[in-house]
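Commentary on secondary and tertiary structure
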Protein chains: 2
Amino acid sequence: MDIDEWRIEIDRIDELLIDLLNQRSVCAIEIGRIKRQVGLPIYSPSREKEVIEHVTIRNGGPLDKDAVRRLFERIIDESRRIERVTIEKEIEQRARKQAAAKVVPKRKPKARG
Amino acid sequence: MDIDEWRIEIDRIDELLIDLLNQRSVCAIEIGRIKRQVGLPIYSPSREKEVIEHVTIRNGGPLDKDAVRRLFERIIDESRRIERVTIEKEIEQRARKQAAAKVVPKRKPKARG
């Protein structure tokens, strides 16, 4: 295979990677929603350690342990960021709706006749 | 789904991610070998820009453009690192073999009789 053929293969892998990274973010957002409902903090150091350990065990190379750690620190960081941003946006939207509901209260229809 | 179920889903995604990241590294190493043979530098800014553009177009969210860029900058960086390290190791091994071959030259078997 020449350079261009290997690059086509990388592009194919990258498409799978971006889809999976987005799927992972969806899971993180869902976890964020549950955490907010039950009052848990978004940051969970023990879970993040567990995630790194899990992929380190799974790692078959050629990436080494440190590379895997650096990659998943970035992945976890971005998952946490989107989790936080999405939840904050939802809280803000809800607050705005509630405020709007107070400004324009529902009127009872006038009784006819 | 509860937090534990979402985490199981994340673990499953992470297993796919680590396998794909390693597959990507294999491609990068192969490209590195070809580049060395033809005397091209490992760092290719135009190709890296192309990779980021490719995944940005592919991105369906919820990750935003900046998150995708940060993630793939890390992925590209680790691919380039493993590419460089592997190629350097191979050059070193070859040099060591050549040096050893010089120290202990092959002897012709003595003719009998």
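As shown above, the structure is provided for reference.
Residues numbered from 1 in each chain as written. Chains lettered and ligands numbered in written order. Predicted model: local features only at pLDDT ≥ 70, side-chain atom pairs only at ≥ 80, totals over all residues. Heavy atoms only, no water.

Looking at the pattern of salt bridges
Overall, the coordinates contain 38 salt bridges over all chains when judged by the stated rule. A salt bridge links R69 of chain A to D66 of chain A, with the nearest nitrogen and oxygen atoms 3.8 Å apart. Residue R69 of chain A and its partner D66 of chain A are located together in helix α3 (residues 65-103), separated by 3 residues, close to a single helical turn. Judged by its relative accessible area of 31%, R69 of chain A is partly exposed. Look at D66 of chain A and you get partly exposed, because its relative accessible area is 42%. With a shortest N-O distance of 2.5 Å, E78 of chain A and R70 of chain B are connected by a salt bridge. With E78 of chain A in helix α3 and R70 of chain B in helix α3 (residues 65-103), the pair connects residues from two separate chains. (Salt bridge = Lys/Arg side-chain N within 4 Å of Asp/Glu carboxyl O. Helix = DSSP H or I, 4+ residues; strand = E, 2+ residues; numbered from the N terminus. Buried < 20%, exposed > 50% of the residue type's maximum accessible area, 1.4 Å probe, protein only.)

Comments concerning the side chain of N22 of chain A
Mapped onto the fold, N22 of chain A is located in helix α1 (residues 3-38). Apart from the residues within four sequence positions on either side, N22 of chain A is in contact with N59, G60, G61, P62 and L63 of chain B. (Contact = heavy atoms within 4.5 Å.)

Concerning the relation of the copies chain A and chain B
Mapping chain A onto chain B calls for a screw motion: a turn of 180° about the axis and a shift of 0.0 Å along it, with 0.0 Å RMSD after fitting. Here the two chains are linked by the operation of a two-fold rotation axis. Within chain A, L17 of chain A has its C-alpha nearest the rotation axis, a separation of 3.3 Å. Residue by residue, 100% of the interface of chain A is reproduced at the interface of chain B, so both copies engage with the same surface. (Least-squares fit on C-alpha atoms with pLDDT ≥ 70 in both.)

A look at the side chain of E78 of chain B
Given the relative accessible area of 1%, E78 of chain B is considered buried. Side-chain polar atoms of E78 of chain B contact the side chain of R70 of chain A, separated by 2.5 Å. Those residues in contact with E78 of chain B that lie beyond four places of it in its chain are L63, A67, R70 and L71 of chain A. (Polar contact = N/O pair within 3.5 Å; in protein donor to acceptor, adjacent residues only side chain to side chain.)

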